[in-house]
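Here is how the chains run, residue by residue.
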Amino acid sequence: MNPFNEKPRSIDKLYQNWAQMYPKPYNKREVDPYTKCRIILMNGTEFEANWFSHNFQRHVTDNDLRRELAATRTIEKQQQLKISLLKPCDESILEHTISYEQLAVDLTSELAKREVDCDVKNSLDFALLEDFDHLYRYANLLEMEQGIYAEWLVGRYTEIMPGRPTIAHHRYPKDNVKRNIDAKKSDVQTVLNTMIITAAEQQTMNYYMNVTNFAKSDIGRRLYQEIALVEEEHVTQYGSLMDSSATWFEMLLWHEYCECYLYWSCYMTETDPYVKNLWEENLWFEISHLHKAAELLKKYEDKEWNEVIPDGDFPAPISLHENIDYVRKILGDTVQFTNCREGYKKINELENDSDFFRYQKIINPNVQIVPSHNVIDGFIKKRGMDYRFQVAPNPVPELRNRREDNTQVGRKPNAAPSSSFFCND
């Protein structure tokens with residue numbers, strides 16, 4: 001599909017009334033896990049579009065332009081609120097969190113498997129292991145506090161076991177900044193991938209930052225606080241990959257194109273008829289927004305849309321599905337790596353006075369105060385072993401012991417074997 005070839009609707013005909021804006025929430029006991037993931041993905045995508053537009057407005061003085069942005073932005077906000085309200089009242093914050101982390105694991109895996117830029121793929125693979133471990137930590141908290149097995153929430157499509165331990169995720173902030181792509185020279189899938197993953201991780205960061213103080217226990221509040229700060233690292237890392245040389249108008253076009261692509265992907269892969277109709281409705285909204293962005297690009301920069309996006313045809317749709325084998329390979333190959341400026345290094349390759357070790361001493365002076373460790377340690381003390389769902393033993397032998405939380409892997413030299421990252425051919 002090429003959305004530039006479709007006929008847009010008038011922006012003024014896209015506004016909805018209150019009855020149209022309020023959706024029918026899904027049944028949490030019957031909904032497919034990936035329907036929930038798609039809802040979270042598109043909620044985050046709309047949030048990113050809305051806040052990009054707000055920031056655009058704050059950096060220009062032309063009120064005619066600002067009015068055009070406001071007109072579209074209000075529709076984006078109506079879309080975002082409608083999508084977010086698909087979540088039912090009886091789904092707890094912690095249950096919803098499991099879906100956030102399943103999305104992070106399976107979306108990141110899907111993007112990494114099709115990524116042709118080696119730097120971008122390495123970034124995806126690196127953070128994948130961290131979101132994978134977050135799923136494990138939250139799943140143990142969920143079982144401990146609500147007696148709910150997260151494996152049923154994820155449909156047993158995604159394993160639940162230790163990844164790179166969360167205690168190892170805390171890095172000196174300057175190490176999270178990566179090399180940005182050039183959209184004019186990059187594959188369209190690469191440009192889309194950097195935008196999709198940034199929006200998704202930003203949504204996760206915002207969710208955790210907003211619900212931290214609503215957690216039902218002290219240890220829950222502490223865990224959300226810790227992982228929210230890791231998500232800040234991820235948003236910094238992924239956001240730094242995006243093309244920072246593009247103009248505001250070029251990025252507006254890319255944002256709208258990305259939204260069209262994702263709604264089309266959701267429509268093509270959705271299994272719930274009601275939600276599928278919503279994806280189709282929103283796709284046509286975004287096609288109209290895209291044409292408006294192309295109109296503004298022409299008016300203010302005298303550029304045609306195909307000077308920014310040469311071929312408007314969509315890549316293959318993003319499909320959310322199980323990625324167990326892929327995650328296992330990345331875990332077995334790269335668990336012992338950390339960020340180091342634009343690249344990645346094994347822990348044993350770092351100098352003793354490296355920024356990573358210095359920051360670890362500041363934020364983790366002893367493991368007894370680290371929330372992510374205390375969740376697992378506390379669970380083990382109560383139940384005798386941690387909670388997991390896995391189809392085979394952990395590919396990292398050092399992470400197989402279910403009676404002890406490993407706090408060395410990913411932060412101490414030679415704590416586990418690792419080989420290297422790999423690029424797609």
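Residues numbered from 1 in each chain as written. Predicted model: local features only at pLDDT ≥ 70, side-chain atom pairs only at ≥ 80, totals over all residues. Heavy atoms only, no water.

Participant: I'm lost on the overall build of the protein in this one. Help?
Facilitator: Scanning the protein from terminus to terminus reveals 13 helices and two strands. Its C-alpha atoms give the protein a radius of gyration of 22 Å, near enough to 22 Å, the size a compact globule of 425 residues would have. By residue count, 59% of the 425 residues in the protein fall in the buried class. Long-range contacts, defined as pairs at least 24 residues apart, comprise 85% of the intrachain contacts of the protein with a sequence gap of at least 6. Accessible surface, the protein: about 17,400 Å² in total, of which carbon and sulfur atoms supply 50%. Charge-centre separation for the protein: the mean point of 51 positive side chains lies 5 Å from the mean point of 66 negative side chains. (Helix = DSSP H or I, 4+ residues; strand = E, 2+ residues; numbered from the N terminus. Rg over C-alpha atoms; globule rule 2.2 N^0.38 Å. Buried < 20%, exposed > 50% of the residue type's maximum accessible area, 1.4 Å probe, protein only. Contact = heavy atoms within 4.5 Å. Areas by Shrake-Rupley, 256 points an atom, 1.4 Å probe, with all protein chains shown as cover. Lys, Arg positive; Asp, Glu negative; His and termini not counted. Charge placed at Lys NZ, Arg CZ, Asp CG, Glu CD.)

Participant: Would you take a moment to explain the pairing of strand β1 (residues 337-340) for this structure?
Facilitator: The side chains of a regular strand alternate, residue by residue, between the two faces of the sheet. Across four bridges, β1 lies against strand β2 (residues 343-346) in antiparallel orientation. Pairing of threonine 338 across the sheet is with lysine 345, part of β2. Between β1 and β2, which pair antiparallel one after the other, the connecting turn spans two residues, and arginine 341 there sits at a positive phi close to 50 degrees. (Pairing = 2+ DSSP bridges.)

Participant: Could you clarify how one ought to interpret the state of the cysteines in this entry?
Facilitator: On inspection of all chains with the given rule, the structure shows one disulfide. Between cysteine 118 and cysteine 423 runs a disulfide, and the two sulfur atoms are separated by 1.5 Å. Disulfide cysteine 118 to cysteine 423: torsion about the S-S bond roughly -40 degrees, handedness left-handed. You can see cysteine 118 sitting in helix α5 (residues 118-146) and its partner cysteine 423 sitting in the segment after α13 (371-383), a full 305 residues away along the chain. Residue class for cysteine 118 comes out partly exposed when judged on its relative accessible area of 27%. The partly exposed category is assigned to cysteine 423, whose relative accessible area is 39%. Here cysteine 258 stays free of any disulfide, with the sulfur of cysteine 260 as its closest cysteine sulfur at 9.3 Å. (Disulfide = S-S within 2.5 Å.)

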